[in-house]
Amino acid sequence: TEGWPAGARLAIEAQRLSGDAELIGVGFLDQATQDDLLAEVLESAPISVRRYVQVASLFPSFSAELCDAAIADRLSGPATMTGSEFIDWLRRYNLFVVQLDNEGVWYRFHHLFARLLDNWRAVQAPDPQAVAQEQAMRGRAAEVFRTHGMVEEAIEQLHLAGDGANLAAVVAEFGSQLIEEERWSELDRVLSRVPSDVLDNEPALLLLRAWLLGDYESRHREMSDVLDRAEALLERGNVAETASIRRLRGEIAALRGAYEDLLSGDFDGAVAEEEVAMELLADSPGRHLTFAFVAGVVSLAGAGRPQEAHRLANSVMGDDRFAGAPFDPMAWAFPFLGWLEGDLSLEERYATQLLTIGERYGLVDTVASARYFLGTSAYERNRIDEARQHLDKVIADRYATQAANTIHSWIALALIEMAQGRGDEADAHAASMMQYVLDTHSDYFQPTAEAFLAELDLRRGRTAAALRWVHHADPEAQRHRFMFFDPASTYVEVLLSSKSDADHGRQLLEQYLAEAKRRNHRPLTIRLLGIRALDRAISGDESGALDSLGQAIRLSQEGGMVRRLADLGPPLVPLLHRLDVTGDGLAHVGAVLAAIEPETDGSVVTAQSAPTVAGEPSLTPREFDVLRLLAEH
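Since we're looking at a predicted model, the values are computed, not measured. (Residues numbered from 1 in each chain as written. Predicted model: local features only at pLDDT ≥ 70, side-chain atom pairs only at ≥ 80, totals over all residues. Heavy atoms only, no water.)

Colleague: Tell me about the overall build of the protein chain, and name the residues and values.
Modeller: Regarding its fold elements, the protein chain presents 33 helices and two strands. Summarising the internal contacts of the protein chain: among those between residues at least 6 apart in sequence, 63% fall at separations of at least 24. When the accessible surface of the protein chain is totalled, it reaches about 27,100 Å², and 50% of it is carbon and sulfur. (Helix = DSSP H or I, 4+ residues; strand = E, 2+ residues; numbered from the N terminus. Contact = heavy atoms within 4.5 Å. Areas by Shrake-Rupley, 256 points an atom, 1.4 Å probe, with all protein chains shown as cover.)

Colleague: Any chance you could break down the packing of aromatic side chains for me, citing the residues and the numbers?
Modeller: Applying the stated criterion to the full structure yields 21 aromatic pairs. Between Trp211 and Phe291, the aromatic rings sit 5.0 Å apart at their centres with planes inclined by 85°, giving edge-to-face as the arrangement. Note that Trp211 is positioned in helix H12 (residues 203-216) and Phe291 in helix H16 (residues 287-302), a separation of 80 residues in sequence. Under the relative-accessibility criterion, Trp211 is labelled buried at 0%. Taking 5.7 Å as the distance between ring centres and 50° as the angle between the ring planes, the aromatic pair formed by Tyr259 and Phe291 counts as tilted. Of the two residues, Tyr259 sits in helix H14 (residues 243-261) while Phe291 sits in helix H16, which places them 32 residues apart along the sequence. Phe291 shares its class with Tyr259; the two are buried. (Phe/Tyr/Trp six-rings, centres within 6.5 Å; stacked < 30°, edge-to-face > 60°. Buried < 20%, exposed > 50% of the residue type's maximum accessible area, 1.4 Å probe, protein only.)

Colleague: Let's hear about helix H13 (residues 220-235): which residues, and what values?
Modeller: With 16 residues, H13 extends 22 Å between its outermost C-alpha atoms, agreeing within 8% with the 22 Å of an ideal straight helix rising 1.5 Å per residue. Buried-residue contacts for H13 involve H12 and H14. (Expected span 1.5 Å × (residues − 1).)

Colleague: Go over the pattern of salt bridges, please, and point to the residues and values.
Modeller: The tally for this structure, following the rule as stated, stands at 42 salt bridges. A salt bridge links Glu181 to Arg183, with the nearest nitrogen and oxygen atoms 2.3 Å apart. Given a relative accessible area of 30%, Glu181 falls into the partly exposed group. The class for Arg183 is partly exposed, based on a relative accessible area of 26%. Put simply, Arg209 and Asp188 hold a salt bridge, and the shortest N to O gap is 4.0 Å. On the criterion of sequence distance, the pair formed by Arg209 in helix H12 and Asp188 in helix H10 (residues 184-192) is long-range, its members being 21 residues apart. Asp188 gets classed as partly exposed once you look at its relative accessible area, which sits at 32%. Sharing partners across several salt bridges, the network here consists of Asp424, Asp427, Asp457, Arg460 and Arg462. (Salt bridge = Lys/Arg side-chain N within 4 Å of Asp/Glu carboxyl O.)

Colleague: Could you give me a rundown of the environment of Gly342, with the residues and numbers involved?
Modeller: Looking at the secondary structure, you find Gly342 in the loop between helix H18 (329-340) and helix H19 (344-361). Sequence separation between Gly342 and Ser377 is 35 residues; the distance between their C-alpha atoms is 9.7 Å. Not counting residues up to four positions away in its chain, the partners in contact with Gly342 are Arg522, Pro523, Gly559 and Met561.

Set out below in structure tokens:
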């Protein structure tokens, strides 16, 4: 029986029913023999049982209610039984039926037995109306599945029934629920079951696909194509402006503003799109409206309008639409504002609230976003162990959460390894990140991943590899402006490492620095000021170097950022020693100095190990001890 006792069981049952002793001696029970034995058993069963078996075998699982609904047009005739009586018969004869719940409501046939039933059903006498009857049965079964919350099963039955209209309606409703619950993988699976001719002609389904591509997978070129198709369908035939149509138009505006305008640097265009989205989605509170608010806040900040960004974020305070809801615009918007303004306390306060919300409602993506914010903020404060704990959890859920959080968390983990002197482990993290990008086909983040590989190459002395990257990279395609890693600074650093490219690097440095200051992008401003300080020191402009570094220290000290400068490494130490700072600034310099020393054992830099500058006195041991103690406390 090839490891399955069903053949023997069928042989025994057939012998019992037919009295033919020779059946026991059939020997090896191949597929054809088992089919024959099944026919013997079923032909001996009551006609009502055979009717129900034919129906139940169509479905991956069944209940008494489903069987009655599906067989509704076959209940007339002799020996009629109910679905409950049918299931009782199956259980009494133990005909390979598996109970699926504790209540005894849902069942399925053993999958190998179900395969035999498929073969048996296929050789039954042909019925001219069989196809139409089967489609009708599947439609009725789909309604039973749907009412019991088994939506994926309902979708499968509607697809097999060829009922495109009802299929689209059910998928649209269920898909919206999946987005609200951040169940991206399930949404992908559900949409894959929709025939392309149905999906491509339903704007609501196209919008589900657009959210999946844009918000989850970061495949923005494909997203834009899908939005174009949806918009064309909405414009065709002068569609009436119903509430559902307004909602779809609002979703289109929200996605275009965030993933076309904002990411390309058209901040004013993004602000305008999100204003339209907020108006159109005003009566549909939920994830999409919150998304529009947050994209609007980030766009205003990117446009250099911080006061308006804060006003918009605060405008939802006391808004009944979000009371008790899982998507609080303030909890989402302020971590971005805190990061962009270099205010780690603001970022951490609202990211902690975001984490609480995500855990309360079981929202995997929200939890991952909160941990991304908390992890990168802890890294910037040089709280390495805390940062690793948060970021590792983001990576663990990488196939259930947004690509953006995953990729930047992986970058931060690689930087943690570098900060602790483990370059090979940093390379391994970077390689895993790149493989993830390739696996998810994220066209938007591939340049980011390549830029970070160049960053690691530069830090690990592989300058030639970094220069190969910079000579073919597009700096404008690399600039994300509101996430943890901004490749613009990497582009400048690599150019400055080459004598032949240094002038171009200085030109871009000043251009990017002016833009970062204008847009109040503190992390990028601090980093670029530190790079400029090092470049001026190399060029012999000590005064200019100290001036730039002093600006960077003041900005980073205000928000508690340490690693923005510390990651520039030991070359920064001599300049830090020579800064004229006091009070809180002195403590912050000590924190940066303590973070620069590559560590593998957790110790901090000491006065004996501190570098000195030729021709200039270093700090005294006592002075350096003061800096170290201030940094620790």
